[in-house]
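# Inside the fold
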Amino acid sequence: MQKPQGRVLFALSLVPLIMVLGNSMIIPVLPTIAHEYNLSAFQSGLLITLFSIPAGIIIPLAGFLSDRIGRKKIILPALLMYGAGGLVAGGAALFSAQPYVWIVVGRVIQGIGAAGTAPIAMALIGDLYPPEHRGHALGVIESTNALGKVLSPILGSLLALIAWYTLFFVFPLFIIPAIWMIMRWVEEKETAAPPSFTKYKHDTIFVFHKQGRWLVICFLLGAVQMFFLFGMLFYLAETLDNYTSLSGIVRGFLLALPLLSLTLMSVWTGKHIEHQVERIKMFLITGTLITGGLCTILPFVRGPATVIALLFAGGIGGGLVLPCLNTLITSAVGKAERGIVTSLYNSIRFFGIAAGPAVFGALLDRPLPLFWGTSAACLLLVLLTIRFIHKPGQLKSKHGHFRLFLRSLSNIPKDPG
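The rules behind each value
Residues numbered from 1 in each chain as written. Predicted model: local features only at pLDDT ≥ 70, side-chain atom pairs only at ≥ 80, totals over all residues. Heavy atoms only, no water. Helix = DSSP H or I, 4+ residues; strand = E, 2+ residues; numbered from the N terminus. Contact = heavy atoms within 4.5 Å. Areas by Shrake-Rupley, 256 points an atom, 1.4 Å probe, with all protein chains shown as cover. Patch = residues over 30% accessible without salt bridge, like charges linked within 9 Å, V, L, I, M, F, W, Y side chains within 5 Å. Salt bridge = Lys/Arg side-chain N within 4 Å of Asp/Glu carboxyl O. Buried < 20%, exposed > 50% of the residue type's maximum accessible area, 1.4 Å probe, protein only. Axes fitted to C-alpha atoms, helices over the stretch in contact; angles between N-to-C directions. Parallel < 35°, antiparallel > 145°, perpendicular 65-115°, else oblique. Left-handed = near helix turned anticlockwise from the far one by under 90°. Core = buried A, V, L, I, M, F, W, Y, C linked by side-chain atoms within 4.5 Å. pLDDT = per-residue confidence, 0-100.

### A word on the overall build of the chain
Looking only at helices and strands, one finds 14 helices and two strands in the chain. Taking the intrachain contacts of the chain between residues at least 6 apart in sequence as the baseline, contacts between residues at least 24 apart amount to 84%. Carbon and sulfur atoms make up 66% of the accessible area of the chain, which totals about 18300 Å².

What follows is the structure in structure tokens.
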């Protein structure tokens, strides 16, 4: 297998960049939308929730279909749907006096499209790149995703200086060149006959029977981090709106700070665990304790500067946890189960993103149960991590490739058949 040309990776790296804009770019304008149409915090938070829930539901189906009919045949229509949803939402805001329902419809359409973008692009990279270049290619994709997270609040704030709904029309503008590049530059290889639905079901049952406990804990760790991150970004946007009169661009920079700490810490963690996988468990525990500890303090904090400082620290916690989860989930299960497990993991993460703004919006006036409930969930997950996630080790194959394991060698599950 030969390494594809650089332009192939460039084209595919645009896909996660576009997807991450879908939520992070809209957060700075949620207070503006709420004021414009007299919405509650919960109603404005639904613009994130009703993007993420459809994405979480559809991701496993998109993964299954991409195995059967091809990755590009899922990615390209998904990008078109993503852009169409932006047009529906933006058109409603531009031409309707009461556009909220249609904005929600547009966000749902975007969420369905998002399910067929970044997760499938990562699977396509796995198909196209040989093992010795796959890690670098996936690293570029992760870096693009991280860059999108940091830049999107700033970009959303800049676009809002024109009109808050301008950001919805930007999605098609990004998507058109991405579709053109993927159609022209990315050549998908022919694959063997896809597994049947019965085999998918059998593989799923098998992997969760053998490794279900630690996988479910990892899924929940990822969901709680996404819940906290997007919930707190929503909370910070509301805090800045209520306690300051800062301009849109300054607000965008402040919202980007927690994402910047998350990104920088993720890069450090990813490099660190590449050669010291035995520290993964410690990082999972430490990062989750940071998140839980912050949640015990936040009910008593009101000033925007203190909230931003605590959220910056929260990004450090997430940056310790999320790369470790990615490594465990992609490296500690066999190739036959990897597609199923990663699809389910991405789904659960999207459900965490969906719950964050909705729950934070509903409980803004009751911070104690909101934050202490989150803190209790973090503490429970720390205890479960200590008990059920074993310290990882590495196995080296005869080809020089490494695979993680979390149990004694005698208990490593074998692929069925």
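This is not the end of the story, as more comes after the structure.
### Some thoughts on a nonpolar patch on the surface
The grouping of Ile53, Ile57 and Phe351 at the surface amounts to a nonpolar patch, some 240 Å² of accessible area in total. Along the chain, the position of Ile53 falls in helix α3 (residues 41-69). The class for Ile53 is partly exposed, based on a relative accessible area of 31%.

### Describing the packing of helix α1 (residues 6-24) against helix α8 (residues 166-185)
Viewed as axis vectors pointing N to C, α1 and α8 meet at an angle of 155°, and their least axial separation amounts to 9 Å. Considering the angle they form, α1 stands roughly antiparallel to α8. In terms of crossing hand, the pair formed by α1 and α8 is left-handed. Contacts from Arg7, Val8, Phe10, Ala11, Leu14, Val15, Ile18, Leu21 and Gly22 of α1 reach α8 at Phe171, Phe174, Ile175, Ala178, Met181, Ile182 and Trp185.

### Considering the pattern of salt bridges
For the coordinates displayed, the defined rule picks out one salt bridge. For the salt bridge of Arg251 with Asp241, the shortest nitrogen-to-oxygen distance reads 3.9 Å. Of this pair, Arg251 sits in helix α10 (residues 248-275) while Asp241 is found in helix α9 (residues 197-243), placing the two residues ten residues apart along the sequence. Here Asp241 falls in the buried class, since its relative accessible area comes to 19%.

### Here's the deal with the nonpolar core
Among the nonpolar cores identified, the biggest contains 119 residues, and Met232 and Leu284 are the most heavily contacted of them. A total of 20 residues in this core trace back to one element, the largest contributor, which is α9. The residues contacting Met232, other than those within four sequence positions of it, are Leu298, Val307, Leu311, Phe360 and Phe371.

### Re the side chain of Thr117
Note that Thr117 resides in the loop between α5 (100-114) and α6 (118-128). The residues contacting Thr117, other than those within four sequence positions of it, are Val15, Met19, Ile75, Ala78 and Leu79.

### Some details on the confidence of the model for the chain
For the chain, per-residue confidence averages 85 on the pLDDT scale, and residues scoring 70 or more make up 89% of the total. Across residues 408-417 the pLDDT falls below 50, and counting only partners more than four positions away or on other chains, this stretch makes 15 contacts in the model.

### Quick look at unusual backbone geometry
In this structure, Asn38 takes a positive phi of about 55° despite not being glycine. Looking at the secondary structure, you find Asn38 in the loop between α2 (30-37) and α3. For Asn38, a relative accessible area of 71% puts it in the exposed group.

### Some thoughts on the packing of α1 against α6
Put simply, α1 and α6 touch, their axes get as near as 8 Å, and they point 160° apart. Classed by the angle they form, the pair α1 and α6 counts as roughly antiparallel. When you trace α1 past α6, the crossing you get is left-handed. Facing α1, whose interface residues are Val8, Leu9, Leu12, Val15, Pro16 and Met19, α6 presents Ala118, Pro119, Ala121, Leu124, Ile125 and Leu128.

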